[in-house]
There are 2 protein chains.
Amino acid sequence: MLKGKMVIGQSGGPTAVINQSLVGAVLAARKEEAITGILGARHGIAGIMKEDFVDLTTQSVEQLETVAQTPAAALGSVRLKPGRAECERVFEAFKKNDVRYFFYIGGNDSAETAHIISEMAKEANYDFCTVHIPKTIDNDLRVTDHCPGFASAARFVALAFMGDDRDSNALPGVKINVVMGRHAGFLTAAAALARQAEGDGPHLIYLPERVFDVEQFKVDVRRVVGEFGRCVVAVSEGVSDADGNPIASSGERDSHGNVQLSGTGALGDCLSAHVKDAFKGEGVRVRADTFGYLQRSFPTIVSPIDAKEAREVGTFGVKHAVSGAGNGSVAIRRVSSVPYASEYFMTELANVAKETTHVADEYINAEGNDVTSAWLDYIRPLVGDLPEIGRL
Amino acid sequence: MLKGKMVIGQSGGPTAVINQSLVGAVLAARKEEAITGILGARHGIAGIMKEDFVDLTTQSVEQLETVAQTPAAALGSVRLKPGRAECERVFEAFKKNDVRYFFYIGGNDSAETAHIISEMAKEANYDFCTVHIPKTIDNDLRVTDHCPGFASAARFVALAFMGDDRDSNALPGVKINVVMGRHAGFLTAAAALARQAEGDGPHLIYLPERVFDVEQFKVDVRRVVGEFGRCVVAVSEGVSDADGNPIASSGERDSHGNVQLSGTGALGDCLSAHVKDAFKGEGVRVRADTFGYLQRSFPTIVSPIDAKEAREVGTFGVKHAVSGAGNGSVAIRRVSSVPYASEYFMTELANVAKETTHVADEYINAEGNDVTSAWLDYIRPLVGDLPEIGRL
């Protein structure tokens, strides 16, 4: 039995349930003889390099359960995508502290980090086990049916559109809502759950999986306004033109070289200007909102299934690690949609690292401006019951 | 006893509980012999002028209760601020349909409309009773302690800041959140409820009641970043410079001649650019979100006290009207803050029409960049229990 300390860290964008995974792993680890100490890394690998650890062996279960209910990484997160040099510093810190288990809660970049470190341990003949615990509101990890964190963000988006569509129904006009998702449109597609009756919005849904044509967009909006006297639009922040250029951006780039899309109203304002121009002189009210960071860390807006699964991927990861079955990434297999049932399994780190996935073609309509019923079948069981819309 | 039909309408920006007032009034009216028919006006006075009514005597209580739980005006709303000509058309429609009671759910413009029509009825010796039922997320009506709709929007803002502050704590930087409120900062001030411990954001709160000085803002942000390594800012969409000019706007004006502030990310992006400039080369991450329309119509984010009071101002208004005590606007008197208790009373329509109120000086700190503890004493009982933030 591999015996030693474990380090657990959180990485990337926060979710509403990322602390469920942390608490699930910590509570499971406390029961394992193989794990001689539980170190929480402050701000992921940035903290590990500085040996900035929190001892997670002593907190009361009550305190941890409160943490589990709190959105956004309680240990702190990090956006650093490490190179080999950083990973070596992490590995040195592990060796120095007799760390034998590493659990990294995050997206594909975190899986990649875990993978690099696991390869280093292998080369150094250092007995070591690394497990990646999946987390991302983007839902873009490969292998797994869906990602913990996604369904709660999707629930926020569905509720937001449900309320905003009633708002638009009360005060008609064109309303454009920009949803997170640079390359994958899963979260934007969740807006479709807001519809309960004929004529409910969102009336148009644009994902980054399809080229965004501003002229076609204006044609689409005009058609919907003609039919319903109003139009609610869901659009991914990452929509791009035929050349792959973002439709609008602030021009700033982050440390990954990505153009800043979140934390700015640029795309919403740009699309709003296009629609205002198209309806010039027709007295059509046009507004745009950008949902922004609220989507990923709103307290109380949590999918019960998401909270449960986020907890259980943490627990499962620890049990797998101490079983001696080796490195890997926890994944979710859907056993049944109605009634919903899932189970967990492990996949190779390399299967999850680097590449991501996208909304499947079968989930997008032919015109590229809506989702299909197959998409609703996929997502509906994940987000939990939604309130019924009352009408007169 | 004044006997005849009643018309009820909803006006202005939607709230999460505006339909509670509608349902409260309708269910109360169904019990009153004096009321011979209940007509719901589609889109407020715009519908009345066209005699576009929904019969509200036949819906099941179950259907109405579902409507009560649904955000945004179920009858449709209107932004029209009527002149005398429009009010005359409304009055004609009332006479034609033997309408003797008019209930208008809305803000100060709605009270003004009700007041004009009540004066016309008096001049024409037409037996008639008009009651204004208060509603506004802005909380800016005079006389009443607070306005139905405000506390639920305040709850949304408090929760949003609570989650976003955890997000900022996990991935530090400067985060600017723009909150609704053109002239009154009540909703922005509600952000302070997100704080549970030393160092929690929002760290700075700017209301339209004080001049916004961009240079001082940058100094404030730098001080907070120096102290906490990050800074979360709450700022009202309506903040203006010493000359009364909005700090940023899209330039568009609405039908009231107001510059468009909501439904655009312009202010957030403008302040974000100022802060980025101030921290140039220092690697500080700066983001801005504009909460937008989600604040006023998010399903499930409802203050229980707000829902109860919104229902009861509707009921109270009807009971007052049929009692023969004359026109008026329903107001809330706070009897006690701890434990919270309130009661209802009537005030003259003229006391609520036209002028609005603002955040009192005692609720704003001397520097004009935060609220006081007196403000928290005022607002805390209204929004309902907030979740506890878990920490490691």
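Once a new chain begins, its residue numbering starts again from 1 and follows that chain's sequence as written. Ligands are numbered from 1 and chains lettered from A, in the order in which they are written. Only residues with pLDDT of at least 70 are given local features in this predicted model, and only at 80 or more are side-chain atom pairs given and counted; all residues enter the totals for whole chains, interfaces and linings.

1. Here's the deal with the overall build of chain A
Right, so step 1: In this description a helix means any DSSP run of H or I spanning at least four residues, a strand means any run of E spanning at least two, and both kinds are numbered starting from the N terminus. For chain A, the count of helices and strands is twelve helices and eleven strands.
Right, so step 2: Projected onto its principal axes, the C-alpha positions of chain A cover 70 × 40 × 35 Å.
Right, so step 3: Think of it as a crowd count around each C-beta: if 20 or more other C-beta atoms lie within 10 Å the residue is buried, if 12 or fewer it is exposed, and in between it is partly exposed, with C-beta placed from the backbone throughout. Residue burial in chain A is summarised as follows: out of 392 residues, 59% are buried.
Right, so step 4: By definition, residue pairs are in contact when their C-beta atoms, positioned from the backbone, come within 7 Å. Partitioning the intrachain contacts of chain A with sequence separation of at least 6 by distance along the chain shows that 75% fall at a separation of at least 24.

2. Quick notes on the domain arrangement of chain A
All names here are of chain A.
Right, so step 1: Each domain of chain A was delimited in the assignment, giving domain 1 (4-149 + 301-352) and domain 2 (151-298 + 359-383).
Right, so step 2: Between domain 1 and domain 2, the C-alpha centre-to-centre distance is 32 Å.
Right, so step 3: Taken together, the contacts link 23 residues of domain 1 with 22 residues of domain 2.
Right, so step 4: The nonpolar class holds Ala, Val, Leu, Ile, Met, Phe, Trp, Tyr, Cys and Pro. Asp, Glu, Lys and Arg form the charged class, and all remaining residues, Gly among them, are polar. Taken together, the residues of the side of domain 1 that touches domain 2 sort by class into eleven nonpolar, seven polar and five charged. Segmentation into domains, and thus their bounds, comes from an automatic or database assignment.

3. A short note on the pairing of strand 9 (residues 286-290) of chain B
Residue and element names in this part refer to chain B.
Right, so step 1: The element strand 9 is extensively covered by neighbouring structure, given that five of its five residues are classed as buried.
Right, so step 2: Burial of the side chains of strand 9 extends over both faces: V286, A288 and T290 are buried on one face and R287 and D289 on the other.
Right, so step 3: A pair of strands is labelled paired if DSSP reports no fewer than 2 bridges between them. As defined by bridge partners, strand 6 (residues 174-179) adjoins strand 9 across five bridges and the pair is classed as parallel. What sits directly across from V178, in strand 9, is T290.

4. Focus: unusual backbone geometry
Residue and element names in this part refer to chain A.
Right, so step 1: With an omega of -5°, the peptide bond running from V338 to P339 counts as cis.
Right, so step 2: Checked against the element boundaries, P339 lands in the loop between strand 10 (328-336) and strand 11 (341-347).
Right, so step 3: Notably, N125 is not glycine yet its phi reads approximately 55°, a positive angle.
Right, so step 4: Relative to the assigned elements, N125 resides in the loop between helix 5 (108-123) and strand 5 (129-134).

5. So, helix 1 (residues 18-30) of chain A
Each α-helix winds once per 3.6 residues, and so residues spaced three or four apart point in a common direction.
Residue and element names in this part refer to chain A.
Right, so step 1: In this scheme, a helix's expected span is set at 1.5 Å multiplied by one less than its residue total. Compared with an ideal rise of 1.5 Å per residue, which puts 13 residues at 18 Å, helix 1 spans 19 Å between its outermost C-alpha atoms and is within 8% of the ideal.
Right, so step 2: Of all 13 residues in helix 1, eleven are buried, a share of seventy percent or more.
Right, so step 3: Among the residues of helix 1, those classed as buried are I18, N19, Q20, S21, L22, V23, G24, A25, V26, A28 and A29.

6. Considering the relation of the copies chain A and chain B
Right, so step 1: Here the copies are superposed with least squares, the fitted atoms being C-alpha atoms of residues at a pLDDT of at least 70 in both. The transformation that overlays chain A on chain B combines an axial shift of 0.0 Å with a rotation of 180°, and the residual RMSD is 0.0 Å. Here the transformation between the copies is reduced to the relation of a two-fold axis. Residue A:G265 of chain A places its C-alpha closer to the rotation axis than any other residue of that unit, at 2.1 Å.
Right, so step 2: Take the interface residues of chain A: 100% of them recur as interface residues in chain B, which is what a same-surface contact looks like.

7. Observations regarding the nonpolar core
Right, so step 1: Residues A:V157 and B:V157 are the most contacted members of the largest nonpolar core, which totals 265 residues.
Right, so step 2: Not counting the four nearest positions on each side in its chain, B:V157 is found in contact with B:V179, B:L187, B:A190, B:A191, B:F291 and B:Q295. For the purposes of this analysis, a nonpolar core is taken to be any set of buried Ala, Val, Leu, Ile, Met, Phe, Trp, Tyr and Cys residues that are connected through C-beta atoms within 7 Å.

8. Comments concerning the interface of chain A and chain B
Right, so step 1: In this complex, chain A contributes 53 residues to the contact, which on the side of chain B involves 53 residues.
Right, so step 2: Where the side of chain A that touches chain B is concerned, the elements lending two or more residues are helix 3 (61-69), helix 6 (150-170), helix 9 (266-278) and strand 9 (286-290) of chain A.
Right, so step 3: Ranked by the residues each element gives to the side of chain A that touches chain B, the list is headed by helix 6 of chain A, at nine residues.
Right, so step 4: Among the residues making up the side of chain A that touches chain B, the classes are represented as 23 nonpolar, 21 polar and nine charged.

9. Some thoughts on the sheet that holds strand 5 (residues 129-134) of chain B
All names here are of chain B.
Right, so step 1: Strand order across the open sheet formed by seven strands is 3-2-1-4-5-10-11, with mixed pairing between neighbours. Of all the strands in the sheet, just strand 3 (53-55) and strand 11 (341-347) have a single pairing partner and so form its edges. The average angle at which neighbouring strand axes cross in this sheet is 30°, direction not considered.
Right, so step 2: Whenever a helix is involved, its axis is fitted only over the stretch in contact; in every case the axis is a line through C-alpha atoms, and angles between N-to-C directions fall within 0 to 180 degrees. Strand contacts of helix 10 (residues 304-322): strand 2 (35-41), strand 4 (99-106), strand 5, strand 10 (328-336) and strand 11, with the helix running at about 165° to strand 5, the strand carrying the most contacts.

10. Topic: the environment of A:V211
All names here are of chain A.
Right, so step 1: Mapped onto the fold, V211 is located in the loop between strand 7 (204-206) and helix 8 (214-228).
Right, so step 2: Separated by 84 residues in sequence, V211 and Q295 place their C-alpha atoms 24 Å apart.
Right, so step 3: Those residues within four positions of V211 in sequence are excluded, and the remaining contacts are D241 and A242.

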